[in-house]
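Structure at a glance
Each chain, letter by letter, is given below.
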Amino acid sequence: MPKDQPPVPPHAARALRRLKQWQKATSEPRPVVEAGSSLSADDAEVPTLRVSSAAYQCFTHAVDHPRAVQVLLFEAKVIHSYAPYSLLRAAVQAAGEALWLLDPSSRQERIRRCLKRAYENVSKGKEFMDLSGLQPSGRPHHERVQELRDLATQHGLDPNGVRGRWSTQAQLKYVEEVVLDGKVALAQNLWQICSGFAHGREWATLAS
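Described in the following lines is the structure provided in the data block. Values in this document were obtained by computation on a predicted structure and should not be read as measured data. (Residues numbered from 1 in each chain as written. Predicted model: local features only at pLDDT ≥ 70, side-chain atom pairs only at ≥ 80, totals over all residues. Heavy atoms only, no water.)

1. Remarks on the pattern of salt bridges
Put simply, the test is: For salt bridges, the criterion is a side-chain nitrogen of Lys or Arg within 4 Å of an Asp or Glu carboxyl oxygen. Strands here mean DSSP runs of E at least two residues long; helices mean DSSP runs of H or I at least four residues long; both are numbered from the N terminus. Buried means the residue's accessible area, taken with a 1.4 Å probe over protein chains only, is under 20% of the maximum for its type, while exposed means over 50%, and partly exposed covers the values in between.
Scanning all chains against the criterion turns up 11 salt bridges. Residue Glu 97 is joined to Arg 117 by a salt bridge in which the shortest nitrogen-to-oxygen separation is 2.6 Å. Taken together, the residues span a long stretch of sequence, with Glu 97 in helix 4 (residues 83-102) and Arg 117 in helix 5 (residues 107-132) at a distance of 20 residues. For Glu 97, a relative accessible area of 10% gives the class buried. As a salt-bridge pair, Arg 112 and Glu 109 come within 2.8 Å of each other at their nearest N and O atoms. Of the two residues, Arg 112 and Glu 109 are both situated in helix 5; the distance of 3 residues between them amounts to about one turn of the helix. For Arg 112, a relative accessible area of 24% gives the class partly exposed. In the salt-bridge network here, residues are joined through shared partners; they are Asp 42, Arg 107 and Arg 110.

2. Focus: helix 5
Put simply, the test is: A helix's residues, less one, multiplied by 1.5 Å, set its expected span. Within 3.5 Å is the distance limit for a polar contact, defined as a pair of N or O atoms, with the added protein rule that one can donate a hydrogen and the other accept it, and that residues adjacent in sequence qualify only through two side-chain atoms.
Taking 1.5 Å per residue as the helical rise, helix 5 with its 26 residues ought to reach 38 Å, and the 37 Å between its terminal C-alpha atoms agrees with that figure. By the burial criterion, the buried members of helix 5 are Arg 110, Ile 111, Arg 113, Cys 114, Leu 115, Lys 116, Ala 118, Tyr 119, Val 122 and Ser 123. Where helix 5 starts, the residue carrying a side-chain oxygen 3.3 Å from the main-chain nitrogen of Gln 108 turns out to be Ser 106. Remark: Gly 133 follows helix 5 within two positions and exhibits a positive phi of approximately 80°.

3. What to know about the state of the cysteines
Formally: Disulfides are defined as cysteine sulfur pairs within 2.5 Å.
On inspection of all chains with the given rule, the structure shows 0 disulfides. Just so you know, Cys 114 is unpaired, no disulfide at all, and the nearest cysteine sulfur is the one on Cys 58, 9.6 Å from it. With relative accessibility at 3%, the residue Cys 114 sits in the buried group. For Cys 194, which is in no disulfide, the shortest distance to another cysteine sulfur is to Cys 58 and amounts to 18 Å.

4. Observations regarding the layout of surface pockets
Selection criterion: In the cavity and pocket records, a cavity denotes points on a 1 Å grid over the protein atoms alone where a 1.4 Å probe fits but cannot get out, a pocket denotes an open set with protein on both sides within 12 Å along at least 5 of 7 lines, and lining residues are residues with an atom within 4 Å of a point. Grid points are joined across faces, edges and corners, and a volume is the space filled by probe spheres set on the points. Here the term charged refers only to Asp, Glu, Lys and Arg, the term nonpolar to Ala, Val, Leu, Ile, Met, Phe, Trp, Tyr, Cys and Pro, and the term polar to all other amino acids, Gly among them.
Its boundaries defined by the atoms lining it, the largest pocket holds a volume of some 1,500 Å³. Looking at side-chain class alone, the lining of the largest pocket contains 34 nonpolar, 5 polar and 3 charged residues.

5. Quick word on the nonpolar core
Under the convention used in this document: We call a set of buried Ala, Val, Leu, Ile, Met, Phe, Trp, Tyr and Cys residues a nonpolar core when their side-chain atoms join them within 4.5 Å. Residue contacts are counted whenever heavy atoms from the two residues lie within 4.5 Å of one another.
Membership of the largest hydrophobic core comes to 21 residues, with the highest contact counts inside it found for Leu 115 and Leu 148. For this core, the secondary-structure elements that each account for two or more residues are helix 3 (51-75), helix 4, helix 5 and helix 6 (141-154). Ranked by residues supplied to this core, first place goes to helix 5 with 6 residues. Apart from residues no more than four positions distant in its own chain, Leu 148 is found in contact with Leu 49, Leu 115, Ala 118, Tyr 119 and Val 122.

Below, the structure is given as structure tokens:
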């Protein structure tokens, strides 16, 4: 380490080493879902969506954003007052979503969450297209929504429930209470304060 560079705190060094491993995992060809696993069975039930694809999409985003923070702080050596919080917010949100998708022991519940995520994706995509005036590619919106409703019905799920409110905070609350067994209550707080900085809210500065 150069003499003019301050030492990296141990907890940050551990995080950077782990991030390097995750970055390597996402820079290699996408891993194949293990045959005979619960996840492969999930994918077989909803082959047009694939639970594994949804989770991997979240995972890659959860890795890419903190990697950008690492490059900014440790390689470019540029310190911005607020920009890193926006990047970390996206990382916390994506990581929480991946855990929320994969954690339930019930296949039906994992599929329900995958369908709910897909509906949110389709809905927000339509909002963007309508606002921008662009013409959507592929199937029209109503066909994609009907497919999700049909899949929900096929798996004994309420189609209207799949269309219910999407809440990142509820997902992070689930991660804290169920996945982490209530031992670490940081996900919601971290996401909230990063959101505060990302949206220019004074309370975030006062609370930090």
